[in-house]
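# Notes for the structure review
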Amino acid sequence: MKESQQNTTDFGYKTVAREEKASMVADVFHSVAAKYDIMNDLMSFGIHRLWKRQAIACSGVRKGHTVLDLAGGTGDLTAKFSQLVGDTGRVILGDINDSMLKVGRDKLRDLGLVSNIEYVQMNAEALPFPDNSIDVITIAFGLRNVTDKNAALKSMYRILKPGGRLLILEFSKTDSEALSKIYDFYSFNLLPTMGKLVANDSESYRYLAESIRMHPDQETLKGMMEDAGFEQTSYQNMTGGIVALHRGFKY
Amino acid sequence: MINTLLTAAAERILNKILSLEPSLLASLGKIQHQVLAVEIRDWQQTFAITFTGHSFMLFNNYQEHVDCHISASIETLSQLKDPSQLTRLIRQGELDLEGNLHLAQAYSQIFSELDIDWAEHLSTYFGDAAAQLLVQQLRNTKQRTVHLDDVLKTTTIGLFQDELKVTIHPIEMAQFKAHTRELKQHTAVLEQRINQLLAR
């Protein structure tokens, strides 16, 4: 059954009313925003930087492009894209959560990146841009928090220019049984403890682990992208499938 | 992932070099935002480099459109320290180049002219005199190492050539075999005569 036909949706392992999910996710990110970067490094042992590098290498972003870094959080990808598009391009850092946007804006300004970056609070399901106006859209570790993923993918497709591409970097499913067991133990035991110790918030990190398990696997997400209209869709697994990078084009 | 990690480390080194030699910025300005891809045949890997105006970005397994694509072995690439070698290597078929030749030449030129003033940078940590002394010592050590390497190579080559002199030449071997066969025949004749004498 399609998500859009349901009145409820998942919030980690819980089932909640659809209209409640956005505010519950917002609470999670308000809570973790200040410690987001340090927790990312701790939780992934710094590997998230390599996953993001791979996404940038596959983005095809060039000088003059308009790039939307959706659910951009604290702006890791925006920082790189800002340099790649140069003065004639622009990067829009979009996030539904204003706390994350503020942390991202402060961080990027401290890095001296100001001239070609815009900060827009937005809902991925209804993107506030004209049709065919964006060259590249990236959404890194954000899609699983979106209530109606199909609506979000259609919205992204609408605003992409013909020839443009969407990149989705997201936690996914590993094929290896041994790795899966280690990963589960880490996610449900160590991760909330680390969240408690560093950010004084174990519940948000429990949600993180649960939301990853509820997110569609590689093939399902690829199918969802195709349903939204994307062509030449493909994905590459990283770190044994713990993370997957999906790519699709609009022609 | 290991390749991505190594590429990230190389990118940090390149950007550190850039911060130590800011005069590079003027040369790099001309090739800003152009992408050079280098395919290393030995490793079957393609790396791409671009200068964004602030820093270098380096990618592995880059499959996007590039302004210039070079394909060569590590040994050939090491010869590109001298930009004048580029056209010779292309003519000899040791290096394939597609796209903007000037971009490859510009990168080759920039890295060949790299001359970091290490004493200047180290002086902030150790003071002027100590930094100068340290850099001088390191230069001397490098020179001694290069000299030692030359001596070692010459000695090794000499030893191998001497070895060739004491090795039996194929003609000598053939002569030795002929003598042995002759001796064997004589012995057989002698044995036959002794047997005849004994039989009487």
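Nothing here was measured: the structure is a model prediction, and the numbers come from that model.

Time to look at the overall build of chain B. Secondary structure summary: chain B contains eight helices and five strands in total. The linear arrangement of helices and strands in chain B, starting from the amino end, is α-α-β-β-β-β-α-α-β-α-α-α-α. The C-alpha atoms of chain B give 31 Å as radius of gyration, which overshoots the globular expectation for 200 residues (16 Å, by more than 25%). When its C-alpha atoms are laid out on the principal axes, chain B stretches across 110 × 50 × 35 Å. Classification of the 200 residues of chain B by burial places 14% in the buried group. A fraction of 58% describes how many contacts in chain B between residues 6 or more apart in sequence connect residues 24 or more apart.

Backbone geometry at F141(A) places phi at a positive 55°, although glycine is not the residue there. Within the secondary structure layout, F141(A) lies in the loop between β6 (134-140) and α6 (149-159). Within the chain, H33(B) stands out as a residue other than glycine whose phi angle is a positive 70°. What makes H33(B) partly exposed here is the crowd of 19 C-beta atoms within 10 Å.

On average, residues of chain B score 84 in pLDDT, and 98% of them are at 70 or above. Prediction confidence for the complex, expressed as pTM and ipTM, is 0.73 and 0.71 respectively.

Glancing now at helix α8 (residues 170-199) of chain B. For α8(B), with 30 residues, the first-to-last C-alpha span of 44 Å sits near the 44 Å given by 1.5 Å per residue. Sparse coverage of α8(B) is indicated by the burial of zero of its 30 residues.

Attention now moves to the nonpolar core. Ranked by size, the top nonpolar core spans 83 residues in total, and within it A55(A), I137(A), L169(A), L36(B) and A48(B) carry the most contacts. With six residues, the single largest contributor to this core is strand β7 (residues 160-171) of chain A. Discounting residues that sit within four places of it in the chain, A48(B) has contacts with V35(B), L36(B), A37(B), F59(B), Y62(B) and V66(B).

Each value, and the rule that gives it
Residues numbered from 1 in each chain as written. Chains lettered and ligands numbered in written order. Predicted model: local features only at pLDDT ≥ 70, side-chain atom pairs only at ≥ 80, totals over all residues. Helix = DSSP H or I, 4+ residues; strand = E, 2+ residues; numbered from the N terminus. Rg over C-alpha atoms; globule rule 2.2 N^0.38 Å. Buried ≥ 20, exposed ≤ 12 C-beta atoms within 10 Å, placed from the backbone. Contact = placed C-beta atoms within 7 Å. pLDDT = per-residue confidence, 0-100. Expected span 1.5 Å × (residues − 1). Core = buried A, V, L, I, M, F, W, Y, C linked by C-beta atoms within 7 Å.

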